[in-house]
Amino acid sequence: MLALTAKTARAILPCIVTLFTLAFGLPAHAADKNSTLQLLVVPQFPVTEIHSTWSQLLEGLKKEGLPPIELVFSKDINEFEAQFQAGRADLIYCNPYHMVMAKKAQGYTPLIRDSKPLTGILVAETGSSTDEVQSLNDLNGKTLLFPSPNAFGASLYMRALLKREKGLDFVTKYVKTHPNVIRGVVRGEGLAGGMVNATLASESAELQSRVKVIYETPPVPPHPIAAHPRVPAATQEAIAAGVLAYIKANKQVGANIQMPNPVRADYAKDYKPLEKLGLEAFLSN
C-alpha cells in the first residue's frame, strides 16, 4: 500500500468523504439559492485528474459570486449512471447518451456544452509491419479496446456502428478510461481502440504519433453540464451564464475540462435526436 503524506491525505479526504456519501445513497438535498450544489463528473479520467481540472473552474465560479459547487465522484461508469438515475447530484457532466438517460430518469436539463461536435474515433497503432491495420476488415475476429460499455462516442455508438453498419465481429475488452485505450493499443493489448477526438488531442504529441485514426463516427453535440429540476431556474441560469463568462476569460480552464468554447445547450435540438439511434441493445447495466 502506498503511504500518504499528511498534506496529500488532507487534500483527498473531502473527495473520499463525498464518494462514500454517493456510494451509500444518502438523500440528495433540496437545492436552494444558498445550498452547496453537488457536481458529478463522468469518470472518463482518473479521480485525481478530474479533481485537478474541474476544481479550477469551480473555485473560479465561487470567486465570481456563484453558489458554491462541490465535486462528487463515482468509481466507474456503472456507479456514475446509478447515481444520476437516482438523482443524487444537483449537476452532472455527462456524455451525450447519458444526457438522454438522465432526462428520462430524472428530468435533468442540459445547460451548456462545447461548440465543437464530438466524434468517436477508432485508433490503431502506426508502423510499417505487415500486421498494421489497413482497413476495418482487418479487425474481424480481433480484440478491440474500449473505455467502458456505455461511454458514448468511444464505445456505445462506436460498437453499434461497427456491428450494424460495418458487419464486424470482434472481441470486446473494456479498460476503464480513455487514456488506457490509447496506451493499450500502443502496448498491443488490442488491435484498435475507441476514443473521442477531444481526448486524443489532449495526449502528448509523441503518443499521438504512435496511432492513426482508422474510423470516425458521425458528429454529435458533446458532453453537457446538466441540472436536476430541483435546482431553481434562476440558479441554473446563473450557473450557465457564469460558466460561459468565466471560460471566455479563462480559456485554459475550459480547455482542461474539454469545453474551451462553451455555448448554451438545448435538449430538443442537441440530444433528443439521439433517442432515435436505437442504442438500447448495446447498453450495459
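Residues numbered from 1 in each chain as written. Predicted model: local features only at pLDDT ≥ 70, side-chain atom pairs only at ≥ 80, totals over all residues. Heavy atoms only, no water.

### Considerations on the sheet that holds strand β4 (residues 109-114)
To keep it simple, the criterion reads: Here, any two strands with at least 2 DSSP bridges between them count as paired. Labels follow the DSSP assignment, with helices taken as runs of H or I lasting at least four residues and strands as runs of E lasting at least two, numbered in each case from the N terminus. Angles run from 0 to 180 degrees between N-to-C directions of axes, and those axes are lines fitted to C-alpha atoms, restricted for helices to the stretch in contact. Residues count as neighbours in contact if any of their non-hydrogen atoms are within 4.5 Å of one another.
As summarised here, the arrangement of the six strands in space is β2-β1-β3-β10-β4-β11, forming an open sheet in which the pairing is mixed. Unpaired on one side and paired on the other, β2 (69-72) and β11 (262-264) mark the two borders of the sheet. In this sheet, neighbouring strand axes are inclined to one another by 25° on average, regardless of whether the strands run parallel or antiparallel. Where β4 lies against strand β10 (residues 224-227), four bridges are found, and the strand directions are antiparallel. When the bridges of β10 are listed, R113 appears paired with P224. Contacting β3 (91-93), β4 and β10, helix α4 (residues 96-106) runs over the sheet at an angle of about 165° to β4.

### Details of helix α2 (residues 47-63)
Formally: In this analysis, the expected span of each helix is defined as 1.5 Å times one less than the number of residues it contains. Two axes are fitted around each residue, one to the seven residues ending there and one to the seven starting there, and the angle between them is reported as the bend at that residue. Note on exposure labels: buried denotes an accessible area under 20% of the residue type's maximum, exposed denotes more than 50%, and partly exposed covers the range between, all computed with a 1.4 Å probe on protein chains only.
For α2, which comprises 17 residues, the first-to-last C-alpha distance of 24 Å matches the rise-based estimate of 24 Å (1.5 Å per residue) to within 8%. A maximum bend of about 30° is found in α2 at S55. Where α2 is concerned, the buried positions are I50, T53, W54, S55, L57, L58, G60 and L61. As for α2, its buried residues are in contact with β1 (37-41), β2, β3, β10, α9 (233-249) and α10 (251-256). Backbone geometry just after α2 places G65 at a positive phi near 95°.

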